[in-house]
Amino acid sequence: MACNPEALKHVPLFALLDEEETAVLAGQVELKKFAPRQRIYKTGEATGQAYVMVSGRVRVTTLDQDYQEVVVDEPAHGEFFGFASMLEQTPHQTTAIALEESQCLEVDRHDISILLQRKPLAGMDMLTVLGKQFHASQQLVRVRANRNPNEIIEKDATFGERVADMVAGFGGSWTFIISFSVAILGYTLISAGMGNKSWDPYPFILLNLFLSMLAAIQAPVIMMSQNRQDTKDRLRSELDFDVNRRAESEIQGLARKLNLLGEHINDVEELLRQKL
């Protein structure tokens, strides 16, 4: 249906246009009405058109690699959706569905070119909308990205922390236990065999000093490695919480879809009863 120029005045992007410019744009764009749960466009559809929210509620979604539905945006009054695909003249990368009875302005590249000729500064408003959508996509990627806690910890680890992990790993291995036992046994046998000529005769005071120094150094190093392990465990728990939260939201989404299917089935049954 034709667009009423008064409807454009309530859209923030077109609010600064004068009467003549509003009338010209109103003759170009078209006001579309969508019923609840009606699909506006779907992924892969090359309509070459974008939409501006006038009233109602619309949800823009996409599918991730696991074929799970992801909410990309719920445009507010006066905001665009499907704008990037319209500018690039490529198929839509998202699916838009009206959650309730909605009214949207349908625009294409020709309408935008006329608007920019009449009102060049309106381009900044459009870039602002695209910037918000770009930041929302970045945030979505950050939230849904699968993160490996070990990789994150290793990426931020300092040289000293890496050395602490190596020392703690070697100190807790059978290689260290066997080699340390052989070294102490050889030290004591050689020192005891030399008798009074030994550099460290019985009761091996120098050896006790070395062992005390080794224990004094090894203890904080092991504690440092344990602190890093606690950090890994905490990060793992946070990632598990994010995964569980996403799983819960996806389950809730499935429950909503099942409820909608149940409502549709009830509506169909009611229509059949009326006809019969």
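Look up: the structure comes first, before these words.
Residues numbered from 1 in each chain as written. Predicted model: local features only at pLDDT ≥ 70, side-chain atom pairs only at ≥ 80, totals over all residues. Heavy atoms only, no water.

What about the side chain of Arg59?
Alright, step 1. Along the chain, Arg59 falls in strand S4 (residues 58-63).
Alright, step 2. Within polar-contact distance, the side chain of Arg59 engages the side chain of Glu74 at 2.9 Å. (Helix = DSSP H or I, 4+ residues; strand = E, 2+ residues; numbered from the N terminus. Polar contact = N/O pair within 3.5 Å; in protein donor to acceptor, adjacent residues only side chain to side chain.)

Comments concerning the sheet that holds strand S3 (residues 50-55)
Alright, step 1. Spatial strand order, S1-S8-S3-S6: four strands in an open sheet with antiparallel pairing. The sheet is open, and its two borders are formed by strand S1 (30-34) and strand S6 (80-81), each paired with just one other strand. (Pairing = 2+ DSSP bridges.)

Focus on the sheet that holds strand S2 (residues 39-41)
Alright, step 1. Strand order in the open sheet formed by four strands is S2-S7-S4-S5, with antiparallel pairing between adjacent strands. Sheet topology places S2 and strand S5 (69-73) at the edges, where each strand pairs with a single neighbour. Neighbouring strand axes in the sheet, compared pairwise and without regard to direction, differ in orientation by 35° on average.
Alright, step 2. As defined by bridge partners, S4 adjoins strand S7 (residues 95-98) across four bridges and the pair is classed as antiparallel. Looking at S7, one finds that Val60 is bridged to Ala96. (Axes fitted to C-alpha atoms, helices over the stretch in contact; angles between N-to-C directions.)

Considering unusual backbone geometry
Alright, step 1. If you check the backbone angles, Arg37 has positive phi at about 65° while not being a glycine.
Alright, step 2. In this structure, Arg37 sits in the loop between S1 and S2.
Alright, step 3. Its relative accessible area of 41% is what places Arg37 among the partly exposed residues. (Buried < 20%, exposed > 50% of the residue type's maximum accessible area, 1.4 Å probe, protein only.)

Details of the nonpolar core
Alright, step 1. Counting 17 residues, the largest nonpolar core has Leu8, Val29, Phe80, Leu105 and Val107 as its most contacted members.
Alright, step 2. At the level of secondary structure, the elements contributing two or more residues to this core comprise helix H2 (19-28), S3, helix H3 (83-88), strand S8 (102-107) and helix H4 (109-118).
Alright, step 3. With three residues, the single largest contributor to this core is S3.
Alright, step 4. When near neighbours in sequence (up to four residues on either side) are disregarded, Val29 contacts Cys3, Leu8, Leu105, Glu106, Val107 and Asp111.
Alright, step 5. Counting residues in each nonpolar core, the second largest holds 11 residues, with Phe34, Ile40, Val60 and Phe81 among its members. (Core = buried A, V, L, I, M, F, W, Y, C linked by side-chain atoms within 4.5 Å. Contact = heavy atoms within 4.5 Å.)

Overview of the environment of Thr22
Alright, step 1. Tracing the backbone through its elements, the reader meets Thr22 in helix H2.
Alright, step 2. Separated by 14 residues in the primary sequence, Thr22 and Leu8 have C-alpha atoms spaced 7.0 Å apart.

This is a description of form; function is not addressed.
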